[in-house]
Amino acid sequence: MIEVEGLTKDYGPNRAIDSLSFHVGENEILGFLGPNGAGKTTTIRILCGYMPPTSGKASISGYDVVDQSLEVRRRVGYLPESNPLYPDMTLFDYLKYMANLRRTKNAEERVNQVIKLMNLEDRSESYISSLSKGLKQRAGLAQALVHDPEVLILDEPTIGLDPAQLIEVRSLIQDLGKTRTILLSTHILSEAQQVCDRVLIINGGKLVAEDSPERLKSRISGAQHIFMEIGGNQEGIESHVRGVNGVNRILSIQNGILEIETLPDTEPRPDLAKAVVSAGYDLLEIRKADLSLEEIFLKLTREERDEIAPL
Amino acid sequence: MVNIWIIASREYRRYFADWVPYMIAFVMLAVLGIFFYLNLQVSIIQPGYAPGIEVFLAPLATMLVLLIPAVTTRLLAEEQRLGTIELLLTSPVKDYELVVGKWLGGFLLILTIVAVTLIYPLILNQLIEPGIDQGPFISGYLGIALLGAALIAVGVAVSSFFSNQIAAFITTLGVFIIIWWILDPVARIAGAGGGNFELINYLNFSDHFFSNLFSGILDLRDVVYYLSVTAISLMVASISMEMRRWR
């Protein structure tokens, strides 16, 4: 459905994406994961025919995004990151305009369908400026869907939503993914894990990893960090901690907080707690640290580097 | 073609959600009404004087130059500010269709407002014997339409380079003032100095209106001039949209 080969885009001297290659299969939800500035939006804009790449090729449903741009644009539904809308139009008029621009058959009927699908029936005559952030996001999704596209490209569709709306939009995307090909960009790892069939991680314009969410998770959660807070006297605690099975090393001790790196696939917390308490220290807290996205990228990029390095 | 119409008709309808067209129509009717009244007064004081169509056409042309920037600045600049340009440029619409659609929307609005001003010539036609001169009436209003088409196209071209509407407005107004008022004295001075003023004179926007169309002479050169300004400006705007993609 979506084929990308050696895609490169330069903004002046800055290389936004660097020979990116990937593909998305039919009825697959591909998560496009990366920190801000990784090149997600640039890639997406090239795929949607908004701008041409500096070099490389991309095609959607067999149509080249540069040479057959209009064919591509007919088949793609696109929700830009900023979710641009016309505030002075009513929701119905807006969707009808978008449907007409994309030459949708039975435009009004189709508009009513997507309004129903997005649960916006009671707001169809409201001006877009009066809609809440969550409703606007749904209006944006409705716009992307109104011409019944084969391919949906959603750039951070859950940004700025409250938790209830988040769940709603995610399940909606999953439903849509049963009959459509979806490229979903996000910078939230758990979202990609929850919604996507396959995840693609990019950083600094380059592909860092490509895997199923489960496999990716296990790759990432090899060694973990544990935070432990000790009250009162902490003298000599290092030796007690080091002795525990599964502890690789102590990364830092500061104000009674220890950061500990574990050996891969171990759970030393019960033993750690026992060891510290039986040695007479006051254990205030012990918890597993969630890796931030940045740490994951660091880990994954380090992993790749390690693979290449002749050790 | 259908795309152009979809964009134009939406743009046209959207104007009326705002106070801008009513404001423009009000200002035009008020100013033209004042001129009309004053000329009627003069004709009462001076029995030999009968006002003609020119008493509306000259101020109408000037009003277009001053008011069209208010119509055109938002056309593309607002899409860029809102970010909706991204939706338009990723819709199956060619860049020139977008530009021409925007231009047509603005042009239809101006035609509507100009149509409202027709009430004055119609009233005048009833007041004077044997009615107004048909020639200047037709060629004058044709000139107004051509002038409007060209000015809106220039405005669309300027709007395509901006995302800030106020900057687009001021620049459009500046360009209009130069081509409408400043080129004329420049051409005269260059002519008096014995220099080559043919080109400047040809570019002079107001001369093409006032020399012939205004006085009832339909010269093809003037029609071609305004139509080519329209076409070239719309081309510039299309290229500007295209360049936006490459940035």
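Residues numbered from 1 in each chain as written. Chains lettered and ligands numbered in written order. Predicted model: local features only at pLDDT ≥ 70, side-chain atom pairs only at ≥ 80, totals over all residues.

Trainee: Looking at this model, I keep getting lost on the nonpolar core. Mind explaining?
Mentor: Grouped together as the largest cluster of nonpolar side chains are 130 residues, with contacts concentrated most on A:Leu95, A:Ala142, A:Ile153, A:Leu184, B:Ile152, B:Ala153 and B:Val156. Here this core takes 14 residues from helix 7 (residues 134-159) of chain B, the largest share from any one element. Once residues within four sequence positions are removed from consideration, A:Ile153 is found in contact with A:Ile44, A:Leu47, A:Cys48, A:Val76, A:Tyr78 and A:Leu183. A:Met228, A:Leu258, A:Ile260 and A:Leu272 belong to the second-largest nonpolar core, a separate cluster that totals 10 residues. (Core = buried A, V, L, I, M, F, W, Y, C linked by C-beta atoms within 7 Å. Buried ≥ 20, exposed ≤ 12 C-beta atoms within 10 Å, placed from the backbone. Helix = DSSP H or I, 4+ residues; strand = E, 2+ residues; numbered from the N terminus. Contact = placed C-beta atoms within 7 Å.)

Trainee: I keep staring at the packing of helix 7 of chain B against helix 8 (residues 165-192) of chain B and nothing clicks. Help me out?
Mentor: Helix-helix packing is described using two parameters, namely the angle between the two axes and the distance between the axes. Residues and elements named next belong to chain B. Put simply, helix 7 and helix 8 touch, their axes get as near as 9 Å, and they point 140 degrees apart. On the basis of their axis angle, the class for helix 7 and helix 8 is oblique. Handedness of the helix 7/helix 8 crossing: right-handed. Residues Leu151, Val154, Gly155, Val158 and Ser159 of helix 7 lie in contact with helix 8, whose contacting residues are Ala168, Thr171, Thr172, Val175 and Phe176. Its residues assigned to classes, the contact of helix 7 with helix 8 comprises 6 nonpolar, 4 polar and no charged. (Axes fitted to C-alpha atoms, helices over the stretch in contact; angles between N-to-C directions. Parallel < 35°, antiparallel > 145°, perpendicular 65-115°, else oblique. Left-handed = near helix turned anticlockwise from the far one by under 90°. Nonpolar A, V, L, I, M, F, W, Y, C, P; charged D, E, K, R; others polar.)

Trainee: Would you explain the sheet that holds strand 5 (residues 63-64) of chain A in this entry?
Mentor: Pairing between the strands of a sheet is mediated by backbone hydrogen bonds and can be parallel or antiparallel. Residue and element names in this part refer to chain A. Read from one edge of the open sheet, 4 strands run 2-1-4-5, paired in antiparallel fashion. Looking along the sheet, the strands with just one partner apiece sit at the ends: strand 2 (14-24) and strand 5. Across 5 bridges, strand 1 (residues 2-11) lies against strand 4 (residues 55-60) in antiparallel orientation. Residue pairing for strand 4: Glu3 is matched across the bridge by Ser59. Along the sheet face, helix 1 (residues 40-47) touches strand 1, strand 2 and strand 4 and points at about 120 degrees away from the line of strand 1. (Pairing = 2+ DSSP bridges.)

Trainee: Got a minute to help me understand the confidence of the model for chain B in this structure?
Mentor: For any part of a model where pLDDT is low, the fine detail of the predicted coordinates should not be relied upon. All names here are of chain B. Looking at chain B, pLDDT values average 88 and 98% of them are 70 or higher. By mean pLDDT, helix 9 (residues 198-203) is the weakest element of chain B at 73, and helix 5 (residues 95-116) is the strongest at 95. For this predicted complex, the interface score ipTM comes out at 0.87, while the overall pTM is 0.84. (pLDDT = per-residue confidence, 0-100.)

Trainee: I would appreciate a short explanation of the interface of chain B and chain A in the present structure.
Mentor: Accessible area lost upon the coming together of the parts is a frequently used measure of interface size. If you look at the interface, chain B gives 16 residues, while chain A gives 19 residues. Taken together, the elements giving at least two residues each to the side of chain B that touches chain A come down to helix 1 (2-15), helix 4 (85-89) and helix 11 (220-246) of chain B. Looking at the side of chain B that touches chain A, its residues break down into 8 nonpolar, 5 polar and 3 charged.

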